[in-house]
Structure formats: C-alpha cells, structure tokens
Amino acid sequence: MKHLKLFSLLLLIFLSSCSSGKTLKVYRDDLTPEVLKEGTISFEKEEKPFYCYLSVHGENKILVQETLESKNTHFAAVNYIYYIGVDNGEFGGWVGYGVHFEDFSKSGKVIIEEQCQGLIKVDNEKVLLLTGLSHLVTDEGKLYLLEGGEIQELFDFKSCPQVYYWENETLYIRTTDKIYSYKLDEEPVELYEFKDDEKYTYSNSMVKIDQSLFLGSLNGILEYQMDTKETFWYPVE
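What you see is a predicted model; the values in this text were computed from it and never measured. (Residues numbered from 1 in each chain as written. Predicted model: local features only at pLDDT ≥ 70, side-chain atom pairs only at ≥ 80, totals over all residues. Heavy atoms only, no water.)

1. Re the nonpolar core
Taken as a class, soluble globular proteins show a tendency for nonpolar side chains to be buried jointly.
No. 1: Core analysis: the biggest nonpolar cluster contains 15 residues, and Leu24, Val26, Leu54, Ile62, Val64, Phe214 and Ile221 have the highest contact counts within it.
No. 2: Among the secondary structure elements, those contributing two or more residues to this core are β1 (23-27), β3 (52-57), β4 (61-66), β17 (203-209) and β20 (230-235).
No. 3: Judged by nonpolar contacts, the second largest core, of 14 residues, contains Ile179, Phe194, Leu213 and Met226. (Core = buried A, V, L, I, M, F, W, Y, C linked by side-chain atoms within 4.5 Å. Buried < 20%, exposed > 50% of the residue type's maximum accessible area, 1.4 Å probe, protein only. Helix = DSSP H or I, 4+ residues; strand = E, 2+ residues; numbered from the N terminus.)

Here's what the structure looks like:
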C-alpha cells in the first residue's frame, strides 16, 4: 500500500512537471489580457502569418499588435543638424544630414550609402547608426557613431540588425544571428547566439522588462532572459 501511494505521488509530480509550461501575459489592441503558452517554433502555418509588433503600455504591460509594415525611413535631430536614413532593401539605401530650417534637397549631404536600420539619439550631439542588409545569401550590418556630420565605424556585426532597444545609455541589438548590448566608448557585448530555428523568427520590435528582452516576431514572441541566458518562444495566433 505504501509503495502504491509513493508511486501515485511520483506520477502526480511527473505529470505536473510535464503539463506546466512557461506563460506570458500580453494585451491586445483593446487592452484585453491574454495568456500565451510556451511552445515550439514552427514555420508550417497554413493561415495568414501573424507579424507581432510589441510596445509597453502602462505598468510593464506588453501590447501585441499585428502589422505588415516595416520601417523604411529613420530620423534623429540634434543641435543644429538632423540625420535622415533610408532603407530600400536590396535596392540600396543611404544616410545623410541637413541643417535645421534648411531644405535638405538643396543643402543636405549624404554621408554613407548603406541601408539604414536605425538612428538612435544619444545626446544633443551624438547619434548611433545601424546599417545592414539581409537578402538571399547577403547578411551584413554595422554600427556607426555620427557627430557633427562626421561618421565613425564602431563595429562590424557581419549580420544585419533587425531591431534595437535603447535604455539607460545601453543599446540592445538583435541581428539575424545574435543579440548584443552596447555602451558608448565600449565594445559591443555578445549576449546570445541564436539556435537554428530562432534565426528565422525575424523580429520587427523589441521591448525590455526587468531582465528579459522580448522580440516581436513572425508568428510569436521570443523572450531572452539576460540573467539565465535562456530563451522561450510564445506562439501568437
């Protein structure tokens, strides 16, 4: 009888551990809460794919919106000048600057002919620039510093930046194959290298809550926990 009770207890513990998965609470456009369950990355989806765009609403509430749009132009304004970046994918791109209150078409200058993936204002003088292209066999990307209309290469990711998040003077970047963090005047730190399936989740947004980075991606949300260096995938319908 004792052995039977012990077996039943062990079976209950085993079934509980198998059925308990990680969950993530998110909110839709109308702020309706929804609990997502951790799952396995799958690209076999017959219905229309869902492109998740993430933002934070109120007290660390992750808002999930569906979007098919991608950002092709970028802008950052500092003292006296402003920067404009354009991404035309495989057809090219460029980054230029102009003087406030002057017509860019007449006095603007192009400083680099690369596809712009982000312009991040650091202060009233410095701007960080992400460039890159991921198309067919091409996967490339770099980080630059812009100041006073001058450009300085800081790092070669050798992979295209997809999304970034700027917080407390730290830039978090997701490229095709890795996640980095970067602080001005320091070398970028590699936080995580994606596993095979994770590389193809393609992200269009990133938010940070506590020690987790959440990547809004194709058909789901990828969470990277910086303290444990673990990832979790939450499918979104």
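From this point on, the discussion continues.
2. Comments concerning the environment of asparagine 204
No. 1: One can find asparagine 204 in strand β17.
No. 2: Each C-alpha atom of the pair asparagine 204 and tyrosine 53 lies 6.4 Å from the other, and the pair is 151 residues apart in sequence.
No. 3: For asparagine 204, the residues in contact, after removing those within four places along its chain, are Tyr51, Cys52, Tyr53, Thr67, Val163 and Gly216.
No. 4: Only 3.2 Å separates the side chain of asparagine 204 from the backbone oxygen of cysteine 52, close enough to count as a polar contact. (Contact = heavy atoms within 4.5 Å. Polar contact = N/O pair within 3.5 Å; in protein donor to acceptor, adjacent residues only side chain to side chain.)

3. Observations concerning the packing of aromatic side chains
No. 1: For the structure on display, the rule yields nine aromatic pairs.
No. 2: On the basis of an interplanar angle of 45° and a centroid distance of 6.4 Å, the ring pair of tyrosine 82 and phenylalanine 104 is categorised as tilted. Taken together, the positions of tyrosine 82 in strand β6 (residues 81-87) and phenylalanine 104 in helix α2 (residues 104-107) put the pair 22 residues apart, joining distant regions of the chain.
No. 3: One aromatic cluster in this structure is built from Phe75, Tyr82, Trp94 and Phe104. (Phe/Tyr/Trp six-rings, centres within 6.5 Å; stacked < 30°, edge-to-face > 60°.)

4. A look at the sheet that holds strand β11 (residues 138-147)
No. 1: Here we have four strands laid out as an open sheet, ordered β9-β10-β11-β12, and antiparallel in their pairing. With partners counted over all chains shown, the strands left at the sheet margins are β9 (116-121) and β12 (150-156), one partner each. The mean angle between the axes of side-by-side strands here comes to 25°, regardless of whether they run parallel or antiparallel. (Pairing = 2+ DSSP bridges. Axes fitted to C-alpha atoms, helices over the stretch in contact; angles between N-to-C directions.)

5. Structural notes on the confidence of the model for the chain
No. 1: Averaged over the chain, the pLDDT score is 90; the fraction of residues at 70 or greater is 90%.
No. 2: pLDDT under 50 marks residues 1-19. Its contacts with residues more than four places away, or in other chains, come to zero contacts. (pLDDT = per-residue confidence, 0-100.)

6. Some points on the pairing of β9
No. 1: The element β9 is extensively covered by neighbouring structure, given that five of its six residues are classed as buried.
No. 2: In this structure, β9 lies alongside strand β10 (residues 126-135), joined through five bridges in antiparallel fashion. Bridge assignment links isoleucine 120 to a residue of β10, and that residue is leucine 128.

7. What to know about the pairing of strand β16 (residues 189-193)
No. 1: Bridge count between strand β15 (residues 178-183) and β16: four bridges; the pairing is antiparallel. Bridge pairing in β16 links isoleucine 179 to tyrosine 192.
No. 2: The hairpin formed by β15 and β16 contains five residues between the paired strands, and aspartate 185 there has a positive phi angle of roughly 70°.

8. Some words on the sheet that holds strand β14 (residues 170-175)
Strands in a sheet are paired, the pairing made by backbone hydrogen bonds, and the direction either parallel or antiparallel.
No. 1: With respect to topology, four strands assemble into an open sheet ordered β13-β14-β15-β16, the strand pairing being antiparallel. Where the open sheet ends on each side, the last strands, each with one partner, are β13 (161-167) and β16. The sheet shows a mean angle of 20° between the axes of neighbouring strands, taken without regard to direction.
No. 2: Direction of pairing for β14 relative to β15: antiparallel, over a ladder of five bridges. Paired with leucine 171 across the bridge in β15 is tyrosine 182.

9. Some points on the side chain of threonine 231
No. 1: As for its position among the elements, threonine 231 is in strand β20.
No. 2: Among the polar contacts made by the side chain of threonine 231, one reaches the side chain of tyrosine 192 at a distance of 3.4 Å.
No. 3: Within polar-contact distance, the side chain of threonine 231 engages the side chain of glutamate 198 at 2.7 Å.
No. 4: In this structure, threonine 231 is in contact with Tyr192, Lys195, Glu198, Leu222, Glu223 and Tyr224, ignoring residues within four places of it in sequence.

10. Let's talk about the pattern of salt bridges
No. 1: Counted according to the given criterion, the structure contains eight salt bridges.
No. 2: Linking glutamate 167 and lysine 208 is a salt bridge whose minimum nitrogen-to-oxygen distance equals 3.1 Å. You can see glutamate 167 sitting in strand β13 and its partner lysine 208 sitting in strand β17, a full 41 residues away along the chain.
No. 3: The exposure class of glutamate 167 is partly exposed, given its relative accessible area of 23%.
No. 4: Lysine 178 is the salt-bridge partner of glutamate 190, the closest N and O atoms lying 3.1 Å from each other. Note that glutamate 190 is positioned in strand β16 and lysine 178 in strand β15, a separation of 12 residues in sequence. (Salt bridge = Lys/Arg side-chain N within 4 Å of Asp/Glu carboxyl O.)

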